[in-house]
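Close look at the chain arrangement
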Amino acid sequence: MTEFKKLIETNQSVALAPESPSSVPGYASGVWGALREFAYSRWGTAVWEIVVLLLVSSFFLLWGLVPYVGGDKLGLVGADEPRYAQIAREMLAAHSEDCHEVHAKVTPHSLRPGDVEASYHCLVGGTVTPILYGKPWLEKPALYYWRAMSFFKEFGVSDWSARLPSTSATFALIILAFLHLRRFRPGGHLDASLILVSCAAMVAFARGASTDMQLAAPLSMGMLGWYAWYETGKKFWLFDLYFFGAAATLAKGPVAVFLMLGTIVLFCGLRREWSALRRTIWWPGLALFFVMVLPWYIAVQRRNPSFFRQFFLEHNLERFATNRYQHHQPVYYYLVVLVLGLMPWTALAFRALVEAIGGSIAEWKVRNNAQRYVGHHRAGDAFPEFLVLWALLPVVFFSFSGSKLPGYILPSIPPLAILTGDYLFRVRRVGLPDWLLYLHAGLTGFLTFVLLLCPQYMVYQKIVPAPKTFVWAALLGVLASLLVILVVKRYGIRRIRFVTLVPLAGLLFFLMTMNGNLLDLNYSSRPLAREIAQAAPDVQTVAVFDVRRDLDYGLAFYRDQNVAHYMLEGESMEGIPEQEHVLVIPTRDADDLEIWLHGRVYQQLFLYETQGLSVYRVYPKS
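In short, a report on the structure.

With that out of the way, let us pick up the overall build of the chain. Within the chain, the regular secondary structure consists of 26 helices and 9 strands. Buried residues in the chain amount to 55% of all 622 residues. In the chain, once contacts between residues fewer than 6 apart in sequence are set aside, the share between residues at least 24 apart is 73%. A total accessible area of about 28600 Å² is found for the chain, and carbon and sulfur atoms account for 64% of it.

Counted according to the given criterion, the structure contains 1 disulfide. The disulfide partner of cysteine 99 is cysteine 122, and the S-S distance across this bridge is 1.8 Å. Disulfide cysteine 99-cysteine 122: the torsion about the S-S bond is 80 degrees, which places it as right-handed. Placement of the pair is cysteine 99 in helix H4 (residues 80–101) and cysteine 122 in helix H5 (residues 113–124), with a sequence separation of 23 residues. Here the two residues cysteine 99 and cysteine 122 agree in accessibility, since each one is buried.

It is worth spelling out the nonpolar core at this point. Ranked by size, the top nonpolar core spans 148 residues in total, and within it Trp226, Phe267, Ile413 and Leu432 carry the most contacts. The dominant element in this core, judged by the number of residues it contributes, is helix H10 (residues 212–232), at 13 residues. Judged by nonpolar contacts, the second largest core, of 18 residues, contains Val539, Val544, Leu555 and Val563.

This part is about the side chain of serine 481. Locating serine 481 in the fold gives a position in helix H21 (residues 467–491). Among all residues touching serine 481, those that are not within four sequence positions of it are Ala441, Gly442 and Gly445.

What follows concerns the sheet that holds strand E3 (residues 541–544). Spatial ordering of the open sheet is given by E4-E3-E7-E9-E8, a layout of 5 strands whose pairing is mixed. The strands lining the two open edges of the sheet, one partner per strand, are strand E4 (564–565) and strand E8 (602–608). Both E8 and strand E9 (residues 613–618) contribute to a ladder of 6 bridges, which runs antiparallel. Residue pairing across strands places phenylalanine 606 opposite valine 615, the latter belonging to E9.

Here we take up the pairing of strand E7 (residues 581–586). With 6 of 6 residues buried, E7 is to be regarded as a mostly interior element. With 4 bridges joining them, E3 and E7 adopt parallel strand pairing. Residue pairing in the sheet places threonine 541 in a bridge with histidine 581 of E7. Here E7 runs beside E9; their pairing, made up of 6 bridges, is antiparallel. Bridge pairing links proline 586 to leucine 613 in E9.

What counts and how
Residues numbered from 1 in each chain as written. Predicted model: local features only at pLDDT ≥ 70, side-chain atom pairs only at ≥ 80, totals over all residues. Heavy atoms only, no water. Helix = DSSP H or I, 4+ residues; strand = E, 2+ residues; numbered from the N terminus. Buried < 20%, exposed > 50% of the residue type's maximum accessible area, 1.4 Å probe, protein only. Contact = heavy atoms within 4.5 Å. Areas by Shrake-Rupley, 256 points an atom, 1.4 Å probe, with all protein chains shown as cover. Disulfide = S-S within 2.5 Å. Core = buried A, V, L, I, M, F, W, Y, C linked by side-chain atoms within 4.5 Å. Pairing = 2+ DSSP bridges.

Shown next, in the form of structure tokens:
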């Protein structure tokens, strides 16, 4: 009986669902009232919720990213961003060349066989084999490259347009999650969506020119679609599973199928509903999946016989089973990633997860004595159990991987955000326990403190900042904590999302607007490429020695050319271009230039002190 009562308490969200605005006296009055009534009747939500969601999402996803919203403050960073962007650029160039060759566009001029064939040649030209510096690059499938190509064609080739595939995928996920929850779990839908768009992991990966969000976003949409089918029985929702599952497979390969199917199998197995698993096999959906996925995989294998070995064996199986790619981390690594990735909502998210696990166990215990609950046609509410499995599977699975990167468990963030939003809605009447409120406020203040000090460390490499800076950061962190506590105590838990978003918005403005240029100078190759272009506009070749991989790939993207590499073999230097070139080396190695260049004429162009580099112009070999 205890488990039954606990189960009832954990499934009150439906019973507490807000009333239709039409039932509120004076709601539909005038044009604005009619508009609100229209929005509620069409989308099941209020206009103000849509406006808030769009404004907040646009700010967190776009501010400081694009020129039109705060300016593109930070160039491409890391090794993956410029490398993936360069692949998309070279594929677009190859595609344009092939289309020009047959004088066609993707859309045929007419239905005549010749025009259709020319358009097909244009369509597949440059879009099958990923290319980096003129050679096949077969580590990842092509979805990111295709989407980046389309943005490059629309907005021009730039670092910010290279990030739009991730940003737009995140935005689509936020909107779809909001609408899905508003229909199936009303009440916490806005909280869940705002938590999702503002947690640290989503903000970071939504601004990255990488494949991680190309997997996480469609995977999450497909999982929500499958559960909508499970709850309603309407085959229409299975379309989401197969369509978005295919998109995720085109983003990162078979791992998408494993994560989606693994969650569904575990869920059906624990609930002993194997018939649901059988009914998930929907022949139109399977046809859609294979039509979307197989043409590219078959075409790239036919053009590149080494694709199967490189992609499936090396970059999937070996990456999981070994540390071949030097990304080894301890087994608890992803617990740390979750704690940081969910900031500042970590305490609430973990509390919601623990409660959902407890509710799922209670529901499991009373399952043999199935009873129907208000608003559900099944015994109990299975959604928390589904979300728990969805959140935990990537964490557990990748914890055993030989290679670990933060983006691997990005698919775990959406279900945790949904659980958190639903938890906040269910405890509105009783409020948060004081310890949980104080912990959440403390994490918000701590995040404020740390991010305010980030420029000091990242730019000046000072672990211990100047006393004045430390005091100001600590003071603002304390104020952020007090703001959360006082507002929630005074106005209730409904205001917790607003009062938490305020310091987060301020921190984003601080980092991107006030310190974006400093971060750009210290972590991106963009300013260096610009200085090289100004100092030696007539020199085409750039060479590097002993620089970071991100600088190497970054210069290649911003210069749109492969970078030459000096290589020290024993005591002699190899790989020195015979033609005139610009050389970028660490300043500490500048004294060895005279030995390496064997009497060749060279001169220093400038010092790039923010990254400890010296830039030289090396004249042709006489």
